[in-house]
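Residues per chain are reported as follows:
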Protein chains: 2
Amino acid sequence: MKPKDKASSSALPETPNRRQFIKQAGTVAAGAALAGEAKLWLPRVQAQEKKKIGYALVGLGGLSTNQIAPALQKTKHCRLAGIVSGTPSKIKAWQDKYQIPSRNCYSYETYDQIANNPEIDVVYIVLPNGMHAEYTIRGARAGKHVLCEKPMANTASDCVAMIQACREADRQLAVGYRCQFEPHHQACMNLAREKTFGELKMIDAGFGFKIGDPNQWRLKGDLAGGGALMDVGIYALQACRYLTGEEPMAITAQESKTDPVKFAEVDESIVWNMQFPSGVLAYCSTTYAFGGINRFHAHCDKGWFSLDPAYSYGGIKGRTSKGEVIEKVEIDQFAAEMDDFAACVLEGRPSKVSGEEGLKDLKVIEAIYTSIRTGKRALVAG
Amino acid sequence: MKPKDKASSSALPETPNRRQFIKQAGTVAAGAALAGEAKLWLPRVQAQEKKKIGYALVGLGGLSTNQIAPALQKTKHCRLAGIVSGTPSKIKAWQDKYQIPSRNCYSYETYDQIANNPEIDVVYIVLPNGMHAEYTIRGARAGKHVLCEKPMANTASDCVAMIQACREADRQLAVGYRCQFEPHHQACMNLAREKTFGELKMIDAGFGFKIGDPNQWRLKGDLAGGGALMDVGIYALQACRYLTGEEPMAITAQESKTDPVKFAEVDESIVWNMQFPSGVLAYCSTTYAFGGINRFHAHCDKGWFSLDPAYSYGGIKGRTSKGEVIEKVEIDQFAAEMDDFAACVLEGRPSKVSGEEGLKDLKVIEAIYTSIRTGKRALVAG
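Remember, it's a predicted structure, so these values are computed and weren't measured experimentally.

Our focus in this paragraph is the nonpolar core. Grouped together as the largest cluster of nonpolar side chains are 238 residues, with contacts concentrated most on Leu57(A) and Leu57(B). Ignoring any residue separated from it by four or fewer positions in sequence, one finds Leu57(B) in contact with Ser64(B), Ile68(B), Ala69(B), Leu80(B), Ile83(B), Val84(B), Tyr124(B) and Val126(B).

This part takes up the sheet that holds strand E3 (residues 105–106) of chain B. Taking strand neighbours across the sheet as the criterion, the six strands line up as E3-E2-E1-E4-E5-E6 (chain B) in an open arrangement whose pairing is parallel. Each end of this open sheet is capped by a strand with a single partner; those strands are E3 and strand E6 (173–175) of chain B.

All names here are of chain A. Of all seven residues in strand E8 (residues 250–256), six are buried; the element is thus mostly enclosed. The pairing of E8 with strand E9 (residues 269–275) spans seven bridges and is antiparallel. Bridge pairing in E9 places Ile251 opposite Met274. Pairing between E8 and strand E15 (residues 378–379): two bridges, direction antiparallel. Bridging across to E15, Ile251 finds its partner in Ala378.

Here we come to the relation of the copies chain B and chain A. The transform that puts chain B on chain A rotates by 180° and translates by 0.0 Å along the axis, for an RMSD of 0.0 Å. Taken together, these values place the two copies in the relation of a two-fold axis. Among all residues of chain B, the one whose C-alpha sits closest to the rotation axis is Lys376(B), at a distance of 2.1 Å. In this assembly, 100% of the residues forming the interface of chain B have copies in chain A that are likewise at the interface, indicating an isologous arrangement.

All names here are of chain A. With nine of nine residues buried, strand E7 (residues 200–208) is to be regarded as a mostly interior element. Bridge analysis of E7 against strand E11 (residues 294–300) gives seven bridges, and the strand direction is antiparallel. By the bridge assignment for E11, Asp204 is matched with His297.

Okay, helix H11 (residues 333–347) of chain B next. Residues and elements named next belong to chain B. The end-to-end C-alpha distance of H11, which contains 15 residues, comes to 21 Å, matching closely the 21 Å that a straight helix rising 1.5 Å per residue would cover. Counting buried residues in H11 gives 14 out of 15 residues, a clear majority hidden from the surface. Positive phi appears at Gly348, one or two residues downstream of H11, with a value of about 60°.

On the side of chain A, 32 residues touch chain B, which itself brings 32 residues to the contact. Elements supplying a minimum of two residues to the side of chain B that touches chain A: strand E7 (200–208), strand E8 (250–256), strand E9 (269–275), strand E10 (281–287), strand E11 (294–300) and strand E12 (303–307) of chain B. Residues belonging to the side of chain B that touches chain A are distributed by class as follows: 12 nonpolar, 15 polar and five charged.

Taken domain by domain, chain A holds domain 1 (4–179 + 336–352) and domain 2 (183–329). Taken together, the nine residues of domain 1 of chain A in the interface contact 12 residues of domain 2 of chain A.

Attention shifts here to unusual backbone geometry. Glycine aside, negative phi is the norm for most residues, and most peptide bonds take the trans geometry. Residue and element names in this part refer to chain A. Look at the link from Asp308 to Pro309: it is a cis peptide, with omega at 0°. Following the sequence through the fold, Pro309 ends up in the loop between strand E12 (303–307) and strand E13 (318–320). Even without a glycine there, the phi angle at Gln99 is positive, about 50°. Inspection of the secondary structure assignment puts Gln99 in the loop between helix H5 (88–98) and strand E3 (105–106). Owing to 8 C-beta atoms within 10 Å, Gln99 belongs among the exposed residues under this scheme.

This next bit is on the sheet that holds E12(A). All names here are of chain A. Pairing is mixed across the open sheet formed by nine strands, whose spatial order is E14-E13-E12-E11-E7-E10-E9-E8-E15. Whereas interior strands pair on both sides, the edge strands pair on one side only; in this sheet they are strand E14 (325–326) and E15. Relative to E14, E13 is paired through two bridges, and the arrangement is antiparallel. Counted as the bridge partner of Arg319 is Val325 from E14. Packed onto the sheet, helix H10 (residues 228–244) meets E7, E9, strand E10 (281–287) and E11 and runs at close to 160° relative to E7.

For the rest of this paragraph, the subject is the packing of helix H4 (residues 62–74) of chain B against H11(B). Residues and elements named next belong to chain B. Packing of H4 against H11 brings their axes to within 8 Å, and their N-to-C directions diverge by 65°. Like other packed secondary-structure pairs, H4 and H11 cross with a definite hand, here right-handed. On the side of H4, the interface is formed by Gln67, Ile68, Ala71, Leu72 and Lys74, while H11 contributes Phe334, Ala335 and Met338. Of the residues that constitute the contact of H4 with H11, the class distribution is six nonpolar, one polar and one charged.

Moving on, we come to the confidence of the model for chain A. Mean pLDDT over chain A: 90, with 87% of residues reaching 70 or higher. Contacts from residues 1–50 of chain A, a stretch scored under 50 in pLDDT, to residues over four places away or in other chains number 54 contacts.

This part takes up helix H10 (residues 228–244) of chain B. Residues and elements named next belong to chain B. Compared with the 24 Å implied by 1.5 Å per residue over 17 residues, the 23 Å span of H10 between its first and last C-alpha is a close match. If you look at H10, its biggest bend is around 50°, right at Ile234. Most of H10 sits inside the fold, with 16 of its 17 residues counted as buried. Among the residues trailing H10, Gly245 stands out with phi positive, at a value near 70°.

Residue and element names in this part refer to chain A. Tracing the chain through its elements places Ala343 in helix H11 (residues 333–347). Residue class for Ala343 comes out buried when judged on the 22 C-beta atoms lying within 10 Å of it. For the pair Ala343 and Ile53, spaced 290 residues apart in the sequence, the C-alpha separation amounts to 9.0 Å.

Thresholds, definitions, all that
Residues numbered from 1 in each chain as written. Chains lettered and ligands numbered in written order. Predicted model: local features only at pLDDT ≥ 70, side-chain atom pairs only at ≥ 80, totals over all residues. Core = buried A, V, L, I, M, F, W, Y, C linked by C-beta atoms within 7 Å. Buried ≥ 20, exposed ≤ 12 C-beta atoms within 10 Å, placed from the backbone. Contact = placed C-beta atoms within 7 Å. Pairing = 2+ DSSP bridges. Helix = DSSP H or I, 4+ residues; strand = E, 2+ residues; numbered from the N terminus. Least-squares fit on C-alpha atoms with pLDDT ≥ 70 in both. Expected span 1.5 Å × (residues − 1). Nonpolar A, V, L, I, M, F, W, Y, C, P; charged D, E, K, R; others polar. Domains from an automatic or database assignment. Axes fitted to C-alpha atoms, helices over the stretch in contact; angles between N-to-C directions. Left-handed = near helix turned anticlockwise from the far one by under 90°. pLDDT = per-residue confidence, 0-100. Bend = angle between axes of the 7 residues up to and from the residue.

Following this line, the structure appears as structure tokens:
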């Protein structure tokens, strides 16, 4: 652990350009927050590339390569400014593809030097789960705002440390909960809040897929922190939390492992129940053993609404008990997530998918694992 | 409890006509069992009304009135021979409607005299759950075969007593699990057995409805034995058992009660998980608080199949991951159930929905209630 003063002293570098940018942005922050329209942020500043929030991607695996880097090209207020990787050949390929100058390229050893790079505002941690805590904390101490992929970390205590580090460094911290920016999911949150189908009473939700390569990091306990539950079950858990707007009180769960070799270190399939303070019950599932579960169904007093598929990058389909299709424009969820975090950074306000949000999920996930281990109903840590 | 010899002595009365009928039927029992075609049972007997298996309905509530009596008219091998009710005006109305002679009408006090009535072969117990055990046992001791509505009884120990009484009286006992005779359900059982979509891995299943009249017997603890779980959750439980062909080993469950006045004596909403020996996990729900849950979804290694609605008297819809609709002819499930039991009676063979099958469900239901009460994973009694 580095001393606190180092974290503070490495906060956002104050170059003239950056100071001017932030000052100009700051004058319209209130208006932007009200209007919710990103283009209001910088009314007097030309939309020059260098004025966009600079993202460095930490970890250049499949998600960065296939989703996040392309999504950055679609953002309004972000740009791919830098990369961090342990593989020089990847660095070279990305430099060529995205015209990234060498001064913005880092290895995991040189990562902390990002503190001296004014072109990078945000580090987006796209590493295996078990590395999220370290690289979030180092990023914050290097003065960077941190967007961290889900699950936020392997443990709730790691989440607490990450939140603490970002708070000490006065940096924003958000978790890559892309679905919370997705219009179908947002429409469903509204249907729940507005009680369009009456009181929400029960939710069934599940997400799983058949995992391939047996050597991938998702199957290693230390890197993944858990199996299907940590990786994709968390989407079903998130849905239950943002549909109810509540935290579950009590958890019961069971695990099944039909391939104990492949899943020696992580969970294969889990089903779990949650009870919420309002009386809503949720029954949920996750798996690495087969595909096809990708939904939530919100059962209300006077009807229902549902997404299936729910958690994919695209092609989300919604229906209601009125026979309606929930029709919303399809967006790039990663682009929306990154633009939103850019707004949070500019406006100096916490993200709705803050570190605290990520911590809440890890507390529930730990209760699920506790219930499986003990065979008892587990209370979610307060 | 009546003495055992009385039960034995009151077995099927041996009138000349009846003996002749059974003898003729017996000669083709093996062929009928192989062909599975009811018309083979009685090849040399004209399909006269009096040759049909005579059913007496015990309890003339909504289910008897609206479903079972009309279904009897659609059966091939059954006839509505008698009725048992505590309400003289109902007796009168049914006599008028179905031309039932007074000699075949009983009150609950005179019920045991049914032993002397050769026109009645089967008593179909359509009383509140808490009365199933008594009227099944009295029916068996009166020498009648017994078809008993689900749930079989309030407790597993009552089920054991019912099975024992029918065994001692050498009478067949079956439970009114109509879905097991329904073509969509049977098609799904075949999809599971034949592994059409690969190995079955997980099932989600639920059934619930919004209960009306707060004064009905379904909300009384002694009459109902439980709430939504006993009444309709049992369909979801059944589906999990007949899709896997296995008995669940371990149960975890949670209950929610949002209206503690209406549901003072019985459960309102329950979610539960089950683990099966093969590793299949099930996550299930039941409720009296809202409508709309009426499905099972069988998740397999290479696809899925699903019914939704699944447990209704009609209108069942099936789909698979191949984009197919599971198209089957719609039947009267009660008629099929009663014709099947008539075949069992004629052939002297146990029903596939025997008392043992009903007992298995009660053991699981008791484990669900135990898990709710103790907060612990409950093992299903062996």
